[in-house]
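Per-entry structural report
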Amino acid sequence: METNTCAPLGNFIDLMLDAICVVDAEGRFVFVSAACERIFGYAPEELIGKPMIDLVLPEDRPRTLQTASQIMAGQPKPHFENRYVRKDGQVVHIMWSARWSEREQVRVAVARDVTELKQAAALQAALYAISEAAHAAEDMLALFRRIHRIIGELLPADNFSVALYDAVHDQLSFPYHADVQEPTPLLRKPAAGTLCAEVIRSGQPLLLTPETLADFPAHLRQIVGRKSLCWLGVPLNSSKGTIGALVLKSYCGGVRYGEKDKELLQFVSNQIATAIERHQLHARLRYMAQYDELTGLPNRGLLFDRLHTALARARREQGRLALLYLDLDKFKQVNDTHGHAVGDQLLHAVAKRLQQCVREADTVARIGGDEFVVLLESLQQPEHAQPAADKLRGALDQPLTIDGHSLRILPSIGIALYPEHGDTAQALLRHADDAMYQVKKGGDQRLLPQDSAWPDAGGREQQPA
């Protein structure tokens, strides 16, 4: 009586946790064990004859084909890793042990699903990387780019966006948006009417797929992009509430996200929210240290930093620069007559006019009270500074209407040139200040309200000249 010795062996193979795959020289499956269905989601009969490379995640295909060529050249690969896309669209990490059978002209490989191990290791590395990025990134854009790369180590993230919510103004912005098909969304005010707004409003993650879409309210189904296959958004929850959302998206033909992906993204989002808040705080502190709170112009400290840099460049390139020192004549009378609120608005308006008169490379700074300094770099000739001062004076000479009062501004402007009037920041600023006072003493510039009289020193009113 004959016994079938292959049957017990086949049953043993089917019970293995690892999958066995045999691929011919053309790269097509000629045999797969039953365990392949658990790992890849396809029944064995669906895989036979199918090109192996079709299942590989597109980003990993060049490396996979190169390794396959090395195996066929006689180099066994006992620990090769790549990523496959399951039938349901999920991405799995596979460790292969493969060799080439010269006699049979096939590649024989054992596949082990190491997704959970890879994700656990990647998650730990991601948390550390996010914390490190919060301290190392120079600005918010650099932080978001780094976060995008970190997320990409955990999940497919070709289409990734960061949405931030301004609760005070009910405004939704997208400071970072990487998408292969859709442009950066416009600023939304009010923020309602988007999937991001729904995530932020509820404070809960949201996963939309073709299979789950019907389970969601009609207003959500209506705003899902027609081209998108999956939309995954998680809130950025901080100690102050929900400050925004992280969004992953895939299009038809791409990967699909599942519940595990949602949980993973939500877990790292808490660390990301902390990193964003910390970076926003540091940016705010840096801004407060370098810029005038009232006008938004660089303050004295930032002016000196830029002036030192400009001087170093001028010395190196044998160039020229100029400092213009501006003082608003009789500004104190505006505060005394109309109040400090009108005076503050006037300073803000002056700052805007000054900025409109200079080049982008130049600097307009407020160094205190009603005093401003303009740094003009890369002057071709020293006499070019005077036309620049005339332009500033002409811009400020146009009447301003502030809180119902028509005010006309005439500044005193002193000029210092490098290298004629000094070769240090302190020397140039001192010369420009002295020159400004000489103009103030010898000129007739005044700050006059056109709708009222000024009180003189004895309290009597006098009409503007």
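Rules behind the numbers
Residues numbered from 1 in each chain as written. Predicted model: local features only at pLDDT ≥ 70, side-chain atom pairs only at ≥ 80, totals over all residues. Heavy atoms only, no water. Helix = DSSP H or I, 4+ residues; strand = E, 2+ residues; numbered from the N terminus. Buried < 20%, exposed > 50% of the residue type's maximum accessible area, 1.4 Å probe, protein only. Contact = heavy atoms within 4.5 Å. Areas by Shrake-Rupley, 256 points an atom, 1.4 Å probe, with all protein chains shown as cover. Salt bridge = Lys/Arg side-chain N within 4 Å of Asp/Glu carboxyl O. Pairing = 2+ DSSP bridges. Patch = residues over 30% accessible without salt bridge, like charges linked within 9 Å, V, L, I, M, F, W, Y side chains within 5 Å. pLDDT = per-residue confidence, 0-100. Core = buried A, V, L, I, M, F, W, Y, C linked by side-chain atoms within 4.5 Å. Axes fitted to C-alpha atoms, helices over the stretch in contact; angles between N-to-C directions.

**Observations regarding the overall build of the protein chain**
In terms of helices and strands, the protein chain carries 14 helices and 19 strands. Residues classed as buried in the protein chain amount to 46% of the 465 residues present. Partitioning the contacts of the protein chain with sequence separation of at least 6, the portion at a separation of at least 24 is 56%. Split by element, the accessible area of the protein chain, about 24600 Å² in all, is 52% carbon and sulfur.

**Topic: the pattern of salt bridges**
Working definition: two side chains of opposite charge can pair if their charged atoms are close together. Summed over the entire model, instances satisfying the criterion amount to 20 salt bridges. Between E46 and K87 there is a salt bridge; the shortest N-O distance is 2.8 Å. One end of the pair, E46, is in helix α3 (residues 44-47); the other, K87, is in the loop between β3 (77-85) and β4 (91-101), with 41 residues separating them in the sequence. Since its relative accessible area comes to 36%, E46 is described here as partly exposed. Residues R103 and E104 are paired through a salt bridge, measuring 3.4 Å at the closest nitrogen-oxygen approach. Among the residues examined, E104 registers a relative accessible area of 48% and is labelled partly exposed.

**Some points on the pairing of strand β13 (residues 371-377)**
The two faces of a sheet get side chains in turn, since along a regular strand they alternate between them. The buried fraction of β13 amounts to seven of the seven residues, a majority that puts the element mostly inside the structure. Taking every second residue as pointing to the same face, both faces of β13 are buried, with E371, V373, L375 and E377 on one and F372, V374 and L376 on the other. Pairing of strand β11 (residues 321-328) with β13, which is carried by seven bridges, proceeds in the antiparallel orientation. Opposite Y325, over in β13, you have V373 as the bridge partner. Where strand β12 (residues 363-368) and β13 come together, five bridges link them in antiparallel fashion. Considered in β13, the bridge of A365 is made with V373. Hairpin geometry of β12 and β13 is characterised by an intervening segment of two residues between the two adjacent antiparallel strands and by a positive phi of about 50° at G369.

**Points about a nonpolar patch on the surface**
There is a patch of nonpolar side chains on the surface, built from L281, L285, Y287 and M288 and spanning about 390 Å² of accessible area. One can find Y287 in helix α9 (residues 259-290).

**Comments concerning unusual backbone geometry**
Here the bond from Y418 into P419 is cis, since omega is 10°, no more than 30 degrees from zero. Among the secondary structure elements, P419 is positioned in the loop between β16 (411-418) and α14 (425-442). One non-glycine residue with positive phi stands out, namely Q105, at about 60°. The residue D403 is not glycine, and still its phi comes out positive at about 55°. Positionally, D403 belongs in the loop between β14 (400-402) and β15 (405-408).

**Details of the confidence of the model for the protein chain**
In this model, the protein chain carries an average pLDDT of 85, and 90% of its residues clear a pLDDT of 70 or more. Mean pLDDT values for the elements of the protein chain range from 31 in strand β18 (residues 454-455) up to 96 in helix α4 (residues 61-72). Every residue in residues 1-15 scores below 50 in pLDDT, and together they form four contacts with partners more than four places removed in sequence or on other chains. Here residues 444-465 scores under 50 on pLDDT; set against residues more than four positions off or in separate chains, the count is 53 contacts.

**Quick notes on the environment of R146**
As for its placement among the helices and strands, R146 is situated in helix α6 (residues 140-154). Separated by 14 residues in the primary sequence, R146 and E132 have C-alpha atoms spaced 10.0 Å apart. Residues contacting R146, with those up to four places away along its chain left out, are A129 and A133.

**Some remarks on the nonpolar core**
Ranked by size, the top nonpolar core spans 41 residues in total, and within it I151, L236, L248, L265 and I272 carry the most contacts. Elements that contribute at least two residues to this core include exactly α5 (115-136), α6, β6 (159-166), β7 (171-178), β9 (228-238), β10 (241-251) and α9. Residue contributions to this core peak at seven residues, all from α9. Counting 33 residues, the second largest nonpolar core, distinct from the first, contains A322, V334, L346 and L354.

**Focus on the sheet that holds β13**
The pairing of strands in a sheet comes from backbone hydrogen bonds and takes either a parallel or an antiparallel form. Taken together, the four strands give an open sheet; going across it, the order is β12-β13-β11-β16, and neighbouring strands pair in antiparallel fashion. Single-partner strands in this sheet number two, and they are β12 and β16. Going from strand to strand, the sheet's axes swing by 20° on average, the running direction of each strand aside. Contacting β11, β12, β13 and β16, helix α10 (residues 300-317) runs over the sheet at an angle of about 25° to β13.

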